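# Remarks on the overall topology
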Amino acid sequence: MHSRKRRWLQIGMGIGLFLAGSVAGSVLTQKVSAVNRFGQPKTVIHVVAYKFRAATSQNDQDQAINGIRDMAGKIPGIKNIWLKTGRNQIRDFDGVFAIEFTSPEAAADYAESPKHEVWAKKWEALRENSLSFQATNP
């Protein structure tokens, strides 16, 4: 009789241990999943790598980059800007800036905006070269 009770106790403990392990694994998996969560926003990121002409003064460079901040405050649909280059792997280029637009339509409106055209004329006179990219999600 004692051996049957002992056997059932062992089976019960095994089932309990299995269930405890399942619960613990589920909780840990949820925590790991939370760390890896990401979104795919519908915004548009416009990234520009640039190289100034050799004769462009530091003051002119600063004014050109600060002009992006001025535009951001005046053109609807600009959500965020990044003006400080953190890392630039394009050899011989001076820096990178980025503009985030609320939608593809806002990015198109920016490109055709008279305020952008005024800034772009000044920008083109100061830069030797630039490469621009846009990224978004479907």
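A few points on the structure. Note that this is a predicted model, so its numbers are computed, not measured. (Residues numbered from 1 in each chain as written. Predicted model: local features only at pLDDT ≥ 70, side-chain atom pairs only at ≥ 80, totals over all residues. Heavy atoms only, no water.)

Space inside the largest pocket adds up to approximately 270 Å³. Taken together, 13 residues line the largest pocket, and the ones lying closest to its centre are Gln 63, Gly 67, Asp 70, Trp 119 and Lys 122. Counting residues per element, the ones that place at least two in the lining of the largest pocket are α2 (58-74) and α4 (114-126). Per-element accounting of the lining of the largest pocket gives the leading share, seven residues, to α2. (1 Å grid on protein atoms, 1.4 Å probe; cavity = no way out; pocket = protein on both sides within 12 Å on 5 of 7 lines; lining within 4 Å. Points joined across faces, edges and corners; volume = space filled by probe spheres on them. Helix = DSSP H or I, 4+ residues; strand = E, 2+ residues; numbered from the N terminus.)

Let's shift gears to the sheet that holds strand β4 (residues 127-135). The strand order across the open sheet formed by four strands is β2-β3-β1-β4, and the pairing between neighbours is antiparallel. Strands at the two margins of the open sheet, each flanked by one partner only, are β2 (78-82) and β4. Strand-to-strand twist in this sheet, taken as the mean axis angle between neighbours without regard to direction, amounts to 15°. As defined by bridge partners, strand β1 (residues 44-52) adjoins β4 across eight bridges and the pair is classed as antiparallel. Note that in β4 the partner of Tyr 50 across the bridge is Ser 130. In this fold α4 packs onto β1, β3 (95-101) and β4, with an angle of close to 130° to the strand it touches most, β4. (Pairing = 2+ DSSP bridges. Axes fitted to C-alpha atoms, helices over the stretch in contact; angles between N-to-C directions. Contact = heavy atoms within 4.5 Å.)

In helix packing, the relevant descriptors are the interaxial angle and the interaxial distance, both defined with respect to the helix axes. Between α2 and α4, the least distance of the axes is 10 Å, while the angle of their chain directions is 165°. Judged by the angle between their axes, α2 and α4 are roughly antiparallel. You can see that α2 and α4 cross each other, and the crossing is left-handed. Residues Asp 60, Ala 64, Ile 65, Gly 67, Ile 68, Met 71 and Lys 74 of α2 form the contact with α4, whose own contacting residues are Lys 115, His 116, Trp 119, Trp 123 and Leu 126. When grouped by side-chain class, the residues that make up the contact of α2 with α4 number seven nonpolar, two polar and three charged. (Parallel < 35°, antiparallel > 145°, perpendicular 65-115°, else oblique. Left-handed = near helix turned anticlockwise from the far one by under 90°. Nonpolar A, V, L, I, M, F, W, Y, C, P; charged D, E, K, R; others polar.)

Right, let's talk about the packing of aromatic side chains for a bit. Per the stated rule, a full pass over the model turns up eight aromatic pairs. Here Phe 97 and Trp 123 contribute two aromatic rings whose centre-to-centre distance is 5.6 Å and whose plane-to-plane angle is 85°, an arrangement assigned as edge-to-face. One end of the pair, Phe 97, is in strand β3; the other, Trp 123, is in helix α4, and 26 residues separate them in sequence. By relative accessible area, which is 3% here, Phe 97 ends up buried. Judged by centre distance (5.1 Å) and plane angle (20°), the rings of Trp 119 and Trp 123 are stacked. Note that Trp 119 and Trp 123 are positioned in helix α4 at a spacing of four residues, about one turn of the helix. What makes Trp 119 buried here is its relative accessible area of 9%. A residue is classified by how much of its surface remains accessible, and Trp 123, at 5% relative accessible area, is buried. (Phe/Tyr/Trp six-rings, centres within 6.5 Å; stacked < 30°, edge-to-face > 60°. Buried < 20%, exposed > 50% of the residue type's maximum accessible area, 1.4 Å probe, protein only.)

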